Structures are given as C-alpha cells and as structure tokens.
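# Chain and residue survey
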Amino acid sequence: MFSLTSRPHSLNHCSPFFSTGKNPILSSAPLQVLLYLNSWYFATFFIAECLMFIYKGVTLPYPSQNLILDVVLLFLYLGLEILRLFYGWKGNLCERGLAMSVSVGVLVPCTVLSVYYLLLQTFVLRLEFILNAILLCFYGLELILGIMCMTTFSRSSVY
C-alpha cells in the first residue's frame, strides 16, 4: 500500500524549489516580478508622456522642432523598452545568459533616455520628474538582479 510517509525523498536532492529535472531552477522570481511590474508601469508611463506632450504642445510655447524630437525619442524609447523587457523576460525564464546580457545592455540607452526626459527636455513637468524617477528606481533594481542572474546562469553547468 502506498502512503505519503513511505514515499522516498526524491525531491530533496533536486532543488529547494522542487524542480522536476535534475538541474535546479536558476531563474530569479524577484527579477521576473520586477520585469512584469515594469512592463505595466512603462505602458502607463508611455501613455502619460504622450498626454503630457499634447498638453505641452497646446499650452506651452514649445518649439516645434524640439517637440518633434522629443516625440521621436519617445517612440524610440518605447521600442528599446519592449526589446529590453522581452529579452529580460525570456532570458530569465529560459536561464539564458546571452539574452540577459542583451537586456542589461539595452538598459543603458533606456537609462540615458529616462535621464533625458527627467532633466534635459525643453519643459519638464513635475509629474514627468516623478514618473522618470520611479522608472530609474526600476532600472537600478533590474540592473542589480540582472547581473546576479547573469552570473548565476554563467556559473551553472549546462551538461
């Protein structure tokens, strides 16, 4: 007769996270949660930034060349952020160091664009300042956790 107490402890030597294979789970749950939250936050940030550009274009004496440059940079920022989140998401879940390094590498231009929108625009609204400061906090945490994941993935044996 089979009972739960007589079951061999086959899961104890696999992983503390009870992976079904012979290798332990190396992906980072905190990084995955942070990437998920950042995807929703950036979507909100992008919509808010578009609305603020409409507000600035209508009410403030915003030079049209600067407004066009800022909007083009915002769409470039959107593309880079989607690329970064995709490679971070897949690199973490698939435990691939190369995808994580691409994500961390694309984090650099994303951070530069965030600092641009934080400090270097023609007109910076207080809401933009707050939203970009929060985004930079996300980036700092994702940088730390991404580097930790890359080192963990590179140390593991894939044989």
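Not measured: the values here are computed from a predicted model.

## A word on the overall build of the protein chain
The helix and strand tally for the protein chain stands at 4 helices and 0 strands. Counting across all 159 residues of the protein chain, residues that qualify as buried make up 35%.

## Thoughts on empty space enclosed by the protein
The final tally for this structure, using the stated rule, is 1 cavity of 30 Å³ or more. For the largest cavity, the calculated volume is near 60 Å³. Considering the residues around the largest cavity, the lining is formed by Leu31, Leu35, Arg84, Gly88, Met100, Ser103, Val104, Leu107, Glu142 and Gly146. Going through the elements one at a time, α1 (29-59), α2 (64-93), α3 (97-120) and α4 (126-155) are the ones with two or more residues in the lining of the largest cavity. Tallying contributions element by element places α3 first for the lining of the largest cavity, with 4 residues. Across the lining of the largest cavity, the residue classes break down as 5 nonpolar, 3 polar and 2 charged.

## Let's talk about the confidence of the model for the protein chain
Where the model shows low pLDDT, its predicted coordinates should not be examined in detail. Considering every residue of the protein chain, the mean pLDDT works out to 86; 85% of them sit at 70 or more. A low-confidence stretch, residues 1-16 (pLDDT under 50), is modelled with 7 contacts involving residues beyond four sequence positions or located in other chains.

## A closer look at the packing of α1 against α2
The N-to-C vectors of α1 and α2 enclose an angle of 170°; their axes lie 10 Å apart at closest approach. One element, α1, and the other, α2, form an angle in the roughly antiparallel class. In terms of residue class, the contact of α1 with α2 is made up of 17 nonpolar, 6 polar and 4 charged.

## Description of the side chain of asparagine 92
Inspection of the secondary structure puts asparagine 92 in helix α2. A polar side-chain atom of asparagine 92 sits 2.8 Å from the main-chain amide nitrogen of serine 28. Look past the residues within four positions of asparagine 92 in its chain and what remains in contact with it is Ser27, Ser28, Leu31, Gln32, Met100, Cys149 and Phe153.

## Remarks on α2
Relative to the 44 Å expected for 30 residues at 1.5 Å per residue, α2 spans 43 Å between its end C-alpha atoms, a close match to the ideal helical length. Regarding α2, the residues found buried are Asp70, Leu73, Leu74, Tyr77, Leu80, Glu81, Arg84, Leu85, Gly88, Gly91 and Asn92. In this structure, the buried side of α2 is in contact with α1, α3 and α4.

## Topic: the packing of aromatic side chains
The relation between two aromatic rings is expressed through the spacing of the ring centres and the mutual angle of the planes. Scanning the model with the defined rule gives 11 aromatic pairs in all. Judged by centre distance (6.1 Å) and plane angle (65°), the ring pair of phenylalanine 53 and tyrosine 117 falls under edge-to-face. Residue phenylalanine 53 is located in helix α1, and its partner tyrosine 117 is located in helix α3; the two are separated by 64 residues in the primary sequence. Taking the relative accessible area as the measure of exposure, phenylalanine 53 reaches 4% and is therefore buried. Residue tyrosine 117 is classed as buried on the basis of its relative accessible area, which comes to 0%. Grouping aromatic residues by their ring pairs yields a cluster made of Phe42, Phe45, Phe53, Tyr77, Tyr116 and Tyr117.

## Remarks on the side chain of arginine 84
Mapped onto the secondary structure, arginine 84 falls in helix α2. Engagement of the side chain of arginine 84 in a polar contact is seen with the side chain of glutamate 81, the distance being 2.7 Å. Excluding anything up to four places from it in sequence, arginine 84 contacts Leu35, Asn38, Ser103, Val106, Leu107, Cys110, Tyr139 and Glu142.

## What to know about a nonpolar patch on the surface
A surface patch of nonpolar side chains, amounting to about 590 Å² of accessible area, comprises Val115, Leu119, Leu120, Val124, Phe129, Ile130 and Ile134. Contributions of two or more residues to the nonpolar patch are made by α3 and α4. One can find valine 124 in the loop between α3 and α4. Look at valine 124 and you get partly exposed, because its relative accessible area is 32%.

The rules behind each value
Residues numbered from 1 in each chain as written. Predicted model: local features only at pLDDT ≥ 70, side-chain atom pairs only at ≥ 80, totals over all residues. Heavy atoms only, no water. Helix = DSSP H or I, 4+ residues; strand = E, 2+ residues; numbered from the N terminus. Buried < 20%, exposed > 50% of the residue type's maximum accessible area, 1.4 Å probe, protein only. 1 Å grid on protein atoms, 1.4 Å probe; cavity = no way out; pocket = protein on both sides within 12 Å on 5 of 7 lines; lining within 4 Å. Points joined across faces, edges and corners; volume = space filled by probe spheres on them. Nonpolar A, V, L, I, M, F, W, Y, C, P; charged D, E, K, R; others polar. pLDDT = per-residue confidence, 0-100. Contact = heavy atoms within 4.5 Å. Axes fitted to C-alpha atoms, helices over the stretch in contact; angles between N-to-C directions. Parallel < 35°, antiparallel > 145°, perpendicular 65-115°, else oblique. Polar contact = N/O pair within 3.5 Å; in protein donor to acceptor, adjacent residues only side chain to side chain. Expected span 1.5 Å × (residues − 1). Phe/Tyr/Trp six-rings, centres within 6.5 Å; stacked < 30°, edge-to-face > 60°. Patch = residues over 30% accessible without salt bridge, like charges linked within 9 Å, V, L, I, M, F, W, Y side chains within 5 Å. Areas by Shrake-Rupley, 256 points an atom, 1.4 Å probe, with all protein chains shown as cover. Salt bridge = Lys/Arg side-chain N within 4 Å of Asp/Glu carboxyl O.

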